[in-house]
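Results of the structural survey
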Amino acid sequence: MNTFTPSRLTDLLRHHGIAPSRRLGQHFLVDANLVGKIVRTAGIGPRNRVLEVGAGVGNLTAALAETGAQVVCYEIDLRLGPVLEETLAGHAGRVEVHMEDALAVDWNTALDGEDWVMVSNLPYGVGTPLLMEMVQNVPSITRFVVMLQREVAHRLLASPSSRDYGLPSVIAGLHTSVRRAFDLPPQVFFPRPEVFSSVVVMDRIRPHPDTARAISLAASAFGKRRKMLRRSLESVLPSPERMLVAAGICPEGRPESLLPTDFLRLAGVARGWESAG
């Protein structure tokens with residue numbers, strides 16, 4: 001049973017002479033009930049293989065292992081190696097620890113087979129780019145249960161024409177079915193962050209053949225989001241105004257007005273024009 005408490009965490013870090021790193025965005029979850037809630041939200045068990053990025057002190061790692069799942073975890077902070085050894089001492093047969101930078105890992109080589117579940121308290125700063133990379137390019141992960149800054153969760157869940165809508169919203173919408181499970185206040189972390197966090201669940205859906213092109217078009221459009229679409233897409237489409245009209249999209253519109261499926265439809269029009277040409 002996972003019995004991590006704030007006092008145990010601080011004693012453990014003090015024993016190993018470690019102070020949390022602001023540079024690495026380290027905010028350790030110290031509420032055992034919420035750790036358990038994350039594991040229950042992930043819905044994992046003995047038949048699952050779980051990837052955790054940002055293992056930290058290993059309290060979530062241990063809770064995942066207690067379900068009987070096989071856990072592969074990554075942690076960049078070499079100082080935490082001895083801490084993880086101590087925390088995970090009773091789970092040696094179910095946990096594989098890698099002390100390396102998750103941003104440098106070739107995940108399609110590291111994760112053999114299919115149906116991985118990613119369950120992670122993603123470090124602040126690198127969480128969004130890492131998650132977007134995995135959602136787009138690591139199909140062996142079929143479910144993501146990740147803790148992020150709440151403002152990042154807002155971007156993943158945002159609807160068109162809302163303040164938070166942007167490229168992450170389009171990527172999430174074209175690759176996954178996404179929902180917010182619950183929020184976490186700053187006081188359940190050590191050290192306390194200045195923002196709330198959210199646990200988000202993303203279940204992979206089968207991508208359309210034009211998904212990668214749609215995301216590329218969205219990236220170009222949102223890269224110049226203050227311009228009209230017929231201007232922001234000039235560098236990536238040969239006849240942007242005509243192609244937008246053919247896709248049923250207003251050329252004078254802005255990218256934040258388009259649904260993910262609108263970018264998908266535009267990508268299909270682009271493919272058709274290229275094939276005809």
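Everything below is about the structure printed above this text.
If you're wondering where the values come from, they're calculated on a predicted model, not measured in any experiment. (Residues numbered from 1 in each chain as written. Predicted model: local features only at pLDDT ≥ 70, side-chain atom pairs only at ≥ 80, totals over all residues. Heavy atoms only, no water.)

**Structural notes on the overall build of the protein chain**
For the record, the criterion: Note on conventions: DSSP H or I runs of at least 4 residues are helices, E runs of at least 2 residues are strands, and numbering of each starts at the N terminus. Exposed residues in this analysis have more than 50% of their type's maximum accessible area, buried residues have under 20%, and partly exposed residues fall in between, with area computed by a 1.4 Å probe over protein chains only. Whether two residues are in contact is decided by their heavy atoms, any of which lying within 4.5 Å being enough. All accessible areas in this document rest on Shrake-Rupley with a 1.4 Å probe, and a residue is counted as covered only by the protein chains that are shown. Here Asp and Glu are counted as negative and Lys and Arg as positive; His is not counted, and neither are the chain ends. To locate a charge, take NZ of a lysine, CZ of an arginine, CG of an aspartate or CD of a glutamate.
For the protein chain, the helix and strand inventory stands at 12 helices and nine strands. Considering only C-alpha atoms, the protein chain reaches an extent of 65 × 40 × 30 Å along its principal axes. Relative to its full complement of 277 residues, the protein chain shows a buried share of 50%. Relative to all contacts within the protein chain whose residues are 6 or more apart in sequence, the contacts with residues 24 or more apart total 69%. Carbon and sulfur atoms provide 50% of the accessible area of the protein chain, an area that totals close to 13,100 Å². Counting 30 positive and 28 negative side-chain charges, the protein chain places the centres of these two groups 7 Å from one another.

**Observations concerning the nonpolar core**
Test applied: The criterion is simple. A nonpolar core is a set of buried Ala, Val, Leu, Ile, Met, Phe, Trp, Tyr and Cys residues joined through side-chain atoms within 4.5 Å.
Judged by nonpolar contacts, the single largest core of 52 residues is most densely connected at L51, W107, L131 and M134. Other than its neighbours up to four places away in sequence, M134 contacts L51, V53, W107, M118, I141, F144 and R204. V39, A42, A62 and V119 belong to the second largest nonpolar core, which has 30 residues in total.

**Some thoughts on unusual backbone geometry**
Between F190 and P191 the backbone carries a cis peptide bond, its omega angle lying at -10°. Backbone geometry at D115 places phi at a positive 60°, although glycine is not the residue there. You can see D115 is positioned in the loop between α5 (107-110) and β5 (116-121). Owing to a relative accessible area of 49%, D115 belongs among the partly exposed residues under this scheme. Here the phi dihedral of S161 falls at roughly 75°; this positive angle occurs in a residue that is not glycine. In this structure, S161 sits in the loop between α7 (150-157) and α8 (167-175).

**Let's talk about the packing of helix α6 (residues 127-137) against α8**
As a reminder of what qualifies: Fitted lines through C-alpha atoms give the axes, limited to the stretch in contact for helices. The angle between two N-to-C directions lies from 0 to 180 degrees. Helix crossings fall into two classes, left-handed where the near helix is turned counterclockwise from the far one by less than a right angle and right-handed where it is turned clockwise.
It is at 10 Å that the axes of α6 and α8 come closest, and there the two elements cross at 30°. As for how α6 packs across α8, the hand of that crossing is left-handed. Of the residues in α8, those in contact with M132, V135 and Q136 of α6 are P168, I171 and H175.

**What to know about the sheet that holds strand β7 (residues 176-184)**
Put simply, the test is: Strand pairing is assigned whenever DSSP identifies at least 2 bridges connecting the two strands.
Ordered in space as β4-β3-β2-β5-β6-β9-β7, the seven strands form an open sheet in which the pairing is mixed. Among the strands making up the open sheet, the edge pair consists of β4 (95-98) and β7. Strand after strand, the sheet turns through a mean of 15° between neighbouring axes, direction not considered. The pairing of strand β2 (residues 49-53) with strand β3 (residues 70-74) spans five bridges and is parallel. Across the sheet, residue R49 finds its bridge partner in β3, namely Q70.

**A word on the pattern of salt bridges**
Note the cut-off: Each reported salt bridge corresponds to a side-chain nitrogen of Lys or Arg within 4 Å of a carboxyl oxygen of Asp or Glu.
Per the stated rule, a full pass over the model turns up 14 salt bridges. Ionic pairing is found between D183 and R180, a salt bridge with its closest N-O pair at 3.9 Å. The exposure class assigned to R180 is partly exposed, which follows from its relative accessible area of 33%. As a salt-bridge pair, R271 and D210 come within 2.7 Å of each other at their nearest N and O atoms. Linking R271 in helix α12 (residues 260-276) with D210 in the loop between β9 (197-204) and α9 (211-223), this pair joins segments that are 61 residues apart in sequence.

Remember that the coordinates give geometry; whether it matters functionally is a separate question.
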